[in-house]
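# Survey of secondary and tertiary structure
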Amino acid sequence: MRLFGGAFAGALALISNPVAAQSYHDIADRYRDAESFNGVMLVGTGGHVEAVEGFGSADTEHGVPMMPETRFETGSVSKWIASIVILKLVDQGKLKLDAPISAYLPEYRPDTGARLTLRHLMSHSSGVPNQLLEARKDPAARGIELDQMEAVRRYASADLAFEPGTAWDYSHSNWVLAKAVVERVTGQSYATLVDRLLVRPLRLKNSGVYRGDSSRVPGMAAGYERLAPQAERKPNPVPDFMAMAGGFYTTAPDLFRIMNAVLDGGFLRPASRAALTTTIMPDQHYALGGRVRVERIAGKDREAAWEDGSNGGFRMLARRVLADGHTVIIFTNAKFDYARLGTLGTELLDRSYASREQARFE
């Protein structure tokens, strides 16, 4: 293991090819110097981490440096995590993706409950309107906790906007309803299920579900609207009833472990892994809880899991090429520009392939 320190306020752990690793360093250094990137970057292939680096401050007011093991909110990547948990329950025979919701929640309005399925909810093809969108615009309402079924009544029980399966609408209300189903069937809280079905089996060190303000989680990065000229925090509390939509936290190494186990390993049964990576709404590249896209990567069209998330000051992306496991994961806590975040991810992925080709000739 090699460490690059000095100008870095975190750590760069390098394994394997030092020439390739230095190239990752150069790319990362350029974004830090020119665009004040503040966060963590990871590049890996299969189950092997090639480089992971922390930049800047996790908590600037308290002088906490950014480290590879710094924890971050994942925003909407929580939906992908929720899909994995649901599919584990499918594998155990406790849920069916295509059973009507009324089979699990008989008190839910019968006219739509008989037409909706978990597959509809998880692919945003349900027609359940996003009633949470307006509610979340009111700062006073953001931290309010509700019983899960009360949240369903308020935010996931309106008339359907379209017939399930016929269109696509990115609605957080889908996940309020999905969480109610999961907790009813198992008799356990979603946070407990994440711990039991995901964190413990994969031996994750820094992952779980939070509620309210994530700053209460030890080791969590603070979210910022901006860092200069004066640091301004950008919290956006997530109530427990929205945990599937945006309440998961993790680190870059933990998320890499999840992606490797779920997409390349035997963590899910083959049918469930296929369901997770099969697009249901092709025009949106949307599968279950996340996207699968064919993009130009290192000069070739490659199919990749394509995950993005944000909340408050947090932004992140995770890309994993399905055929060979080339992966990049980036977290930032200071509202780094999304387009530039994508460009950075592409550069790191391209370099990952170039490094592999270079190693063949050394």
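Residues numbered from 1 in each chain as written. Predicted model: local features only at pLDDT ≥ 70, side-chain atom pairs only at ≥ 80, totals over all residues. Heavy atoms only, no water.

## What to know about the overall build of the chain
- Check the secondary structure of the chain and you find 12 helices and 15 strands.
- Taking 2.2 N^0.38 as the reference for a compact globule, 362 residues should give roughly 21 Å; the C-alpha atoms of the chain span a radius of gyration of 20 Å, in line with that estimate.
- With the principal axes as the frame, the chain shows a C-alpha extent of 65 × 45 × 35 Å.
- Classification of the 362 residues of the chain by burial places 55% in the buried group.
- A separation threshold of at least 6 residues defines the contact pool for the chain, and within that pool the share at least 24 residues apart is 69%.
- Accessible surface for the chain amounts to roughly 14,700 Å². Of this, 50% is attributable to carbon and sulfur atoms.
- With 43 positive and 42 negative side-chain charges, the chain shows a spacing of 4 Å between the two charge centroids. (Helix = DSSP H or I, 4+ residues; strand = E, 2+ residues; numbered from the N terminus. Rg over C-alpha atoms; globule rule 2.2 N^0.38 Å. Buried < 20%, exposed > 50% of the residue type's maximum accessible area, 1.4 Å probe, protein only. Contact = heavy atoms within 4.5 Å. Areas by Shrake-Rupley, 256 points an atom, 1.4 Å probe, with all protein chains shown as cover. Lys, Arg positive; Asp, Glu negative; His and termini not counted. Charge placed at Lys NZ, Arg CZ, Asp CG, Glu CD.)

## Here's the deal with the environment of Glu145
- With respect to the secondary-structure elements, Glu145 resides in the loop between helix H5 (131–135) and helix H6 (148–155).
- Of note is the side chain of Glu145, whose polar atom sits 3.5 Å from the side chain of Arg211.
- A polar contact is formed between the side chain of Glu145 and the backbone nitrogen of Asp240, at a distance of 2.9 Å. (Polar contact = N/O pair within 3.5 Å; in protein donor to acceptor, adjacent residues only side chain to side chain.)

## Some remarks on the sheet that holds strand S8 (residues 208–209)
- On the basis of which strands lie adjacent, the open sheet formed by three strands has the order S7-S11-S8 and antiparallel pairing. The two strands at the open ends of the sheet, each matched to only one other strand, are strand S7 (72–73) and S8.
- Of the pairings in the sheet, the one linking S7 to strand S11 (residues 248–250) comprises two bridges and is antiparallel in character. Across the sheet, the residue bridging to Phe72 is Thr250, located in S11. (Pairing = 2+ DSSP bridges.)

## Focus: the confidence of the model for the chain
- Scored by pLDDT, the chain comes out at a mean of 91, with 91% of its residues at no less than 70.
- Overall, residues 1–21 carries pLDDT values under 50, and its contacts beyond four positions in sequence, including any with other chains, amount to 52 contacts. (pLDDT = per-residue confidence, 0-100.)

## Some thoughts on the pairing of strand S13 (residues 300–311)
- Relative to S13, strand S12 (residues 291–297) runs antiparallel, the two sharing seven bridges. Bridge pairing in S13 links Val292 to Ala305.
- The antiparallel hairpin formed by S12 and S13 contains two residues in its connecting segment, where Ala298 sits at a positive phi of about 50°.
- Pairing of S13 with strand S14 (residues 314–321) involves eight bridges; the strand directions are antiparallel. Each residue of the ladder has a partner; that of Trp306, found in S14, is Arg319.

## With respect to the pattern of salt bridges
- One pass over the full model with this rule turns up 24 salt bridges.
- Residues Arg119 and Asp98 are paired through a salt bridge, measuring 2.7 Å at the closest nitrogen-oxygen approach. You can see Arg119 sitting in helix H4 (residues 118–122) and its partner Asp98 sitting in the loop between helix H2 (77–91) and helix H3 (110–113), a full 21 residues away along the chain.
- Residues Arg211 and Glu145 are paired through a salt bridge, measuring 3.5 Å at the closest nitrogen-oxygen approach. A residue pair is termed long-range when its members are at least 10 positions apart, and Arg211 in the loop between S8 and strand S9 (224–226) and Glu145 in the loop between H5 and H6 qualify at 66 residues.
- Several salt bridges converge on common partners, so that one network encompasses Asp29, Arg32 and Asp33. (Salt bridge = Lys/Arg side-chain N within 4 Å of Asp/Glu carboxyl O.)

## Some points on the side chain of Arg71
- Looking at the element boundaries, Arg71 is found in the loop between strand S6 (64–65) and S7.
- Here Arg71 is buried and forms no salt bridge, its nearest opposite-charge partner Asp254 lying at an N-O distance of 6.9 Å.
- Those residues in contact with Arg71 that lie beyond four places of it in its chain are Lys205, Asn206, Val217, Pro218, Gly219, Met220, Ala221, Tyr249, Thr250 and Thr251.

## A few points about the nonpolar core
- Formed by 81 residues in total, the largest nonpolar core has its most connected members in Trp80, Leu118, Leu198 and Ile258.
- Per element, the largest residue contribution to this core is nine residues, and it comes from H2.
- If we ignore the near neighbours within four places in the chain, the residues touching Leu118 are Ile86, Leu95, Lys96, Leu97, Ala99, Ile101, Ala178 and Val181.
- Formed by 22 residues, the second largest nonpolar core is a distinct cluster that contains Phe55, Leu317, Phe336 and Leu349. (Core = buried A, V, L, I, M, F, W, Y, C linked by side-chain atoms within 4.5 Å.)

## Brief notes about the packing of aromatic side chains
- Scanning the model with the defined rule gives eight aromatic pairs in all.
- When the centroid spacing of 5.3 Å and the interplanar angle of 80° are considered together, the rings of Phe37 and Phe336 count as edge-to-face. Here the residue Phe37 occupies a position in the loop between helix H1 (18–35) and strand S3 (39–45), and Phe336 occupies one in the loop between strand S15 (326–332) and helix H12 (338–360), the gap between them amounting to 299 residues.
- Measuring from ring centre to ring centre gives 4.9 Å for Phe72 and Phe331, while their planes differ by 15°; the resulting arrangement is stacked. Placement of the pair is Phe72 in strand S7 and Phe331 in strand S15, with a sequence separation of 259 residues. Judged on exposure class, the residue Phe72 and its partner Phe331 are both buried.
- Grouping aromatic residues by their ring pairs yields a cluster made of Phe37, Phe55 and Phe336.
- Above the ring of Phe267, the side-chain terminus of Lys88 is found at 4.4 Å from the ring centroid.
- Arg302 extends its terminal NZ or CZ atom over the ring of Tyr353, reaching a point 3.8 Å from the ring centre. (Phe/Tyr/Trp six-rings, centres within 6.5 Å; stacked < 30°, edge-to-face > 60°. Lys NZ or Arg CZ within 6 Å of the ring centre and 35° of its normal.)

## As for the packing of H6 against helix H7 (residues 173–186)
- In the contact formed by H6 and H7, the axes pass within 9 Å of each other and the chain directions differ by 150°. Here H7 runs roughly antiparallel to H6, going by the angle between their axes. Judged by the twist between their axes, the crossing of H6 over H7 is left-handed. Contacts between H6 and H7 involve Gln148, Met149, Ala151, Val152 and Tyr155 on the former and, on the latter, Ser173, Val176, Leu177, Lys179, Ala180, Glu183 and Arg184.
- Grouping the constituent residues of the contact of H6 with H7 by class yields seven nonpolar, two polar and three charged. (Axes fitted to C-alpha atoms, helices over the stretch in contact; angles between N-to-C directions. Parallel < 35°, antiparallel > 145°, perpendicular 65-115°, else oblique. Left-handed = near helix turned anticlockwise from the far one by under 90°. Nonpolar A, V, L, I, M, F, W, Y, C, P; charged D, E, K, R; others polar.)

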